[in-house]
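Chains, contacts and geometry: an overview
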Amino acid sequence: MVEGESKALWIIVAIVFAVAAVAPAVHGQQAPCYFVFGDSVFDNGNNNALNTKAKVNYLPYGIDFPQGPTGRFSNGQNMPDVIAELAGFNDSIPPFAGASQAQANIGLNYASGAGGIREETSENMGERISLRQQINNHQSAIINAAVPRSRLRQCLYTINIGSNDYLNNYFLSPPTLARRLFNPDQYARSLIRLYRIYLLQLYTLGARNVALFSIGKIGCTPRIVATLGGGTGCAEEVNQAANIFNTKLKALVTDFNNKPGAKFTYVDLFSGNAEDFAALGITVGDRSCCTVNPGEELCAANGPVCPDRNKYIFWDNVHTTEVINTVVANAAFNGPIASPFNISQLVN
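Residues numbered from 1 in each chain as written. Predicted model: local features only at pLDDT ≥ 70, side-chain atom pairs only at ≥ 80, totals over all residues. Heavy atoms only, no water.

Observations regarding the nonpolar core
The biggest cluster of nonpolar side chains holds 53 residues, and the ones touching the most others in it are Phe 35, Ile 159, Tyr 166, Tyr 195 and Phe 245. Counting only elements with at least two residues in this core, the list comes to strand 1 (34-38), helix 3 (131-144), strand 2 (156-160), helix 5 (163-170), helix 7 (184-204), strand 3 (209-213), helix 9 (236-256) and strand 4 (263-267). Looking at this core, the element that brings in the most residues is helix 7, giving 9 residues. For Tyr 166, the residues in contact, after removing those within four places along its chain, are Phe 171, Leu 172, Tyr 187, Ala 188, Leu 191, Ile 215, Ile 218, Ala 241 and Phe 245. Counting residues in each nonpolar core, the second largest holds 35 residues, with Ile 83, Phe 89, Ile 93 and Leu 346 among its members. (Core = buried A, V, L, I, M, F, W, Y, C linked by side-chain atoms within 4.5 Å. Buried < 20%, exposed > 50% of the residue type's maximum accessible area, 1.4 Å probe, protein only. Helix = DSSP H or I, 4+ residues; strand = E, 2+ residues; numbered from the N terminus. Contact = heavy atoms within 4.5 Å.)

Take a look at the structure:
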C-alpha cells in the first residue's frame, strides 16, 4: 500500500472512530454467539493458571479495566471486548478457562498469550495454548454444550494469530530450526498451510462468519526496535517477513469465500502508521507507557505508568494501549481496514 493510500485509509479510521464515539449504543445482540481465538492481543485470562512467562494477571495491567487485572495484555479493554460491545453483547466474552458449559451457547474466548500457528512457537515462554489446541477446545466446548450447528453458523469468529511464529520462533536468537530450514517465503507458506488445516476444521464445526486479523508491524514494537532494530528504528526484515505472511493470508480469505455459506474477511493491522495515529492525539510510539525492566517485554509488577495513556501506542514493549485497541476494533467493525466485509457485515 502506498503511503498516500495508507494516510487516506487511517484518516477514514479516525473519522469512523470519532463518529463511533458519539454514536448511540447498538440495540440488541447482532449475532447469537461470538468465539475468539488467537494470542496475547486477544487473550483475556486463559494463561492465568498456566506455567508461563506470558501472563499478566497483576497490576499495572488492567489499571483502566473495571475488574482490574484479568489477564488482558493491556491497560484496559482489548479488541474482542470492543468488538463484543459493538456487536451488542451485554458482557465481554469470557475466557474458556473456568467458563461454564452453557457459555458455549453465547461465546468463549480461547486465545492464549504466546500462542502460535506452529506447535513449537514460544517454547521459550513455557506453557501456552496453540491454535490447534484452541480449536480442539472449541470442538469440546460446543459438543459438551450440544450447541446446534445452525446456531454456530450464525456466530461471529475472530482470530488473531501469527505474530509469535515470528517473534518467538523465526526471529529468535540463537536461530531456531524453522529459521535454518526456511527462507521467509517458505516459512510464510508453511504457516498458511497449517492455518488452512485449522480453519477447515473450524469451518467443518460450523464457522461461517470469520474475521482473520493480519500481523501488524511487529518490527516497530519497542521490543524489536531495541533488539533487531539496533535501537534506532523499525526492523524492516521483520516487517517484510510479516508482510509476506499477510499477503498469503489475504489469498487464504479469498479461497475460503469460495466455500458454501462462507463470509471470511481480512483485517489489515499492517498498513497503519504512527503518523496516522498522531491525527488522533496518540503521539508516543517509540516507548512503552508502563515501566519495563531492561531486556523484558512485559510491565514490571506495580511499576509506575504514564499518566496520559491515551497518548501512547504501546502499553508494554509489545502490546497496545486500550485507546489503540478501541480505534482498531472500531475500524475493523465499521469500515475501512477489513475486506471484503467489515465485521458488522459478518454479523448482519
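The rest of the description comes next.
Examining the state of the cysteines
Tallied over the full model, the rule gives 4 disulfides. The partner cysteine of Cys 290 in its disulfide is Cys 299, sulfur to sulfur 2.0 Å. Torsion about the S-S bond of the Cys 290 and Cys 299 cystine: about -90 degrees, corresponding to left-handed handedness. Each member of the pair, Cys 290 together with Cys 299, is buried. Sequence-ordered numbering of the disulfide-bonded cysteines in the protein gives the connectivity 1-2, 3-4, 5-8, 6-7. (Disulfide = S-S within 2.5 Å.)

Focus on the layout of surface pockets
In this approach, a probe sized like a water molecule rolls over the atoms, and the result shows the empty space that is left. Counted as a void, the largest pocket has a volume near 860 Å³. If you trace the largest pocket, you find 46 residues lining it, with Gly 216, Lys 217, Thr 221, Phe 314 and Thr 320 closest to the centre. Contributing elements (two or more residues each) for the lining of the largest pocket: helix 5, helix 9, helix 10 (274-278), strand 6 (312-314) and helix 11 (322-334). Of the residues forming the lining of the largest pocket, the biggest block, 4 residues, is contributed by helix 5. Of the voids in this model, the second largest pocket is the one considered here, and its volume is about 550 Å³. (1 Å grid on protein atoms, 1.4 Å probe; cavity = no way out; pocket = protein on both sides within 12 Å on 5 of 7 lines; lining within 4 Å. Points joined across faces, edges and corners; volume = space filled by probe spheres on them.)

Observations regarding helix 7
An ideal rise of 1.5 Å per residue puts 30 Å on 21 residues; helix 7 measures up with 30 Å between its terminal C-alpha atoms. Tyr 187, Ala 188, Ser 190, Leu 191, Ile 192, Tyr 195, Tyr 198, Leu 199, Leu 202 and Tyr 203 are the residues of helix 7 that are buried. The backbone nitrogen of Asp 185 has a side-chain oxygen 3.0 Å away, supplied by the residue at the start of helix 7, namely Asn 183. Downstream of helix 7 by a residue or two, Gly 206 has a phi angle that is positive, lying close to 110 degrees. (Expected span 1.5 Å × (residues − 1). Polar contact = N/O pair within 3.5 Å; in protein donor to acceptor, adjacent residues only side chain to side chain.)

So, the sheet that holds strand 2
Strand order across the open sheet formed by 5 strands is 1-2-3-4-7, with mixed pairing between neighbours. Both outer strands of the open sheet, strand 1 and strand 7 (338-339), are each paired with one neighbouring strand and no more. As judged from the 2 bridges shared by strand 4 and strand 7, these two strands associate in the antiparallel manner. Residue pairing for strand 7: Val 267 is matched across the bridge by Ala 338. (Pairing = 2+ DSSP bridges.)

Structural notes on the pattern of salt bridges
Per the stated rule, a full pass over the model turns up 11 salt bridges. The salt bridge partner of Arg 189 is Asp 185, with a shortest N-O separation of 2.4 Å. In this pair, Arg 189 and Asp 185 are both assigned in helix 7, 4 residues apart and thus about one turn of the helix distant. Residue Arg 189 is classed as partly exposed on the basis of its relative accessible area, which comes to 43%. Owing to a relative accessible area of 29%, Asp 185 belongs among the partly exposed residues under this scheme. Across the pair Asp 308 and Lys 311 runs a salt bridge whose closest N-O atoms are separated by 3.7 Å. Given a relative accessible area of 30%, Asp 308 falls into the partly exposed group. (Salt bridge = Lys/Arg side-chain N within 4 Å of Asp/Glu carboxyl O.)

The quantities given are spatial measurements derived from coordinates; they are silent on function.
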